[in-house]
Amino acid sequence: MWKPSDLRRGREPRGLEHPVERDPNAPIIKLRGIEKSYKSGFGRTYVLRRVNVDIKPGEFVTIMGPSGAGKSTLLSIMGMLDGSWEGEYYFLDYPVHDLNSKERNRLNREFIGFVFQSYHLIDSMTVYENLDVPLSYRNIKRSQRKSMVADTLDRFNIVGKKDLYPSQLSGGQQQLVGVARAVIGNPKVLLADEPTGNLHTAQGLEIMELFKRLNEEEGTTIIQVTHSEANAEFGDRIINLVDGWVVDEDPYRPDAAPPEGADA
Ligand SMILES: Nc1ncnc2c1ncn2[C@@H]1O[C@H](COP(=O)(O)OP(=O)(O)OP(=O)(O)O)[C@@H](O)[C@H]1O
Ligand SMILES: [Mg+2]
């Protein structure tokens, strides 16, 4: 059985690939009572309130809600980009709440791909080099890395762009590279925060169709944040966030009351 100290010592724990014999339908992400708050004046401002969420392997889930509801915050916590929160988070049965930042980084690099609204490519690197970055963090031979990058360039139809820098690409092409970089290591979970927010309709549609294929053909679990009903249509279900609370209804109504027992 895997334990956090295996990660800490930096050796490849036998359990990292397959932490435990898992029920294939058990949630890949399990959040229990997740809270996030910031100090403000004399008190605290809550951004996430007692969030309970289960994401099953192979699901394509959409998080929606008004601006400021906590969607990006929730996604960053799921992606282990944000380490300061309360509650329990199990990722593939790993108790993320008990892990230190180094261990969380390792889980992130092994299992999670993240797509940002503003692409977040490295400007000083070519497309090829950008795709190689996530592989360079892993224990993968140089020759294998080369073939993985070549395969991905091919799969995403961007071979001709490999020596260009991000500034030499259109927004849609940059996001294509952003998605390619997120999935090159074959992550179990792809998290995307308004991935089409900066794109034209046709470019956005291309990204959504790509997500759908990744989900259906590769079985990648996808969680996207979007304001677009059309994008949400690509997913299986919607989680609605309002003022940091997960609200049950679907679709979301702006005048929704907090869930019963909530003391705002
Ligand atoms: N450093 C901080 N200090 C205080 N409050 C913060 C801080 N960072 C974020 N917040 C607050 O957290 C809340 C949720 O922010 P978040 O970015 O998760 O919203 P969102 O749902 O993604 O909104 P949008 O749709 O506009 O992207 C906001 O009210 C924001 O002001
Ligand atoms: Mg946001």
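This text goes with the structure placed above it.
To start, this report covers the structure provided alongside it.

So, how was this worked out
Residues numbered from 1 in each chain as written. Chains lettered and ligands numbered in written order. Predicted model: local features only at pLDDT ≥ 70, side-chain atom pairs only at ≥ 80, totals over all residues. Near = placed C-beta within 6 Å. Helix = DSSP H or I, 4+ residues; strand = E, 2+ residues; numbered from the N terminus. Nonpolar A, V, L, I, M, F, W, Y, C, P; charged D, E, K, R; others polar. Buried ≥ 20, exposed ≤ 12 C-beta atoms within 10 Å, placed from the backbone. Pairing = 2+ DSSP bridges. Core = buried A, V, L, I, M, F, W, Y, C linked by C-beta atoms within 7 Å. Contact = placed C-beta atoms within 7 Å.

**Describing the site of ligand 1**
Stage number 1. In the vicinity of ligand 1, the residues found are Tyr-38, Thr-45, Val-47, Gly-65, Ser-67, Gly-68, Ala-69, Gly-70, Lys-71, Ser-72 and Thr-73.
Stage number 2. Of all elements in the fold, only β2 (43-55) and α2 (71-78) reach the threshold of two or more residues within the shell around ligand 1.
Stage number 3. Ranked by residue count, the leading element in the shell around ligand 1 is α2, at three residues.
Stage number 4. Its residues placed into classes, the shell around ligand 1 shows three nonpolar, seven polar and one charged.

**A few points about unusual backbone geometry**
Stage number 1. A positive phi angle, close to 55 degrees, is found at Asn-186, a residue other than glycine.
Stage number 2. Tracing the chain through its elements places Asn-186 in the loop between α6 (171-183) and β7 (189-193).

**Things to note about the pairing of strand β8 (residues 221-225)**
Stage number 1. In terms of residue burial, β8 counts as a mostly covered element, since five of its five residues are buried.
Stage number 2. Residue alternation in β8 divides its side chains into two sets, Thr-221, Ile-223 and Val-225 and Ile-222 and Gln-224, and both sets are buried.
Stage number 3. Pairing of strand β3 (residues 60-64) with β8, which is carried by four bridges, proceeds in the parallel orientation. The partner of Thr-62 across the bridge, within β8, is Gln-224.

**Comments concerning the nonpolar core**
A general feature of soluble globular proteins is that nonpolar side chains tend to end up buried together.
Stage number 1. Ile-63, Leu-190, Leu-191 and Ile-223 are the most contacted members of the largest nonpolar core, which totals 60 residues.
Stage number 2. With six residues, the top contributor of residues to this core is α6.
Stage number 3. Residue contacts for Leu-190: discarding those within four places in its chain leaves Gly-113, Val-115, Ala-182, Val-183, Leu-214, Thr-220 and Ile-222.

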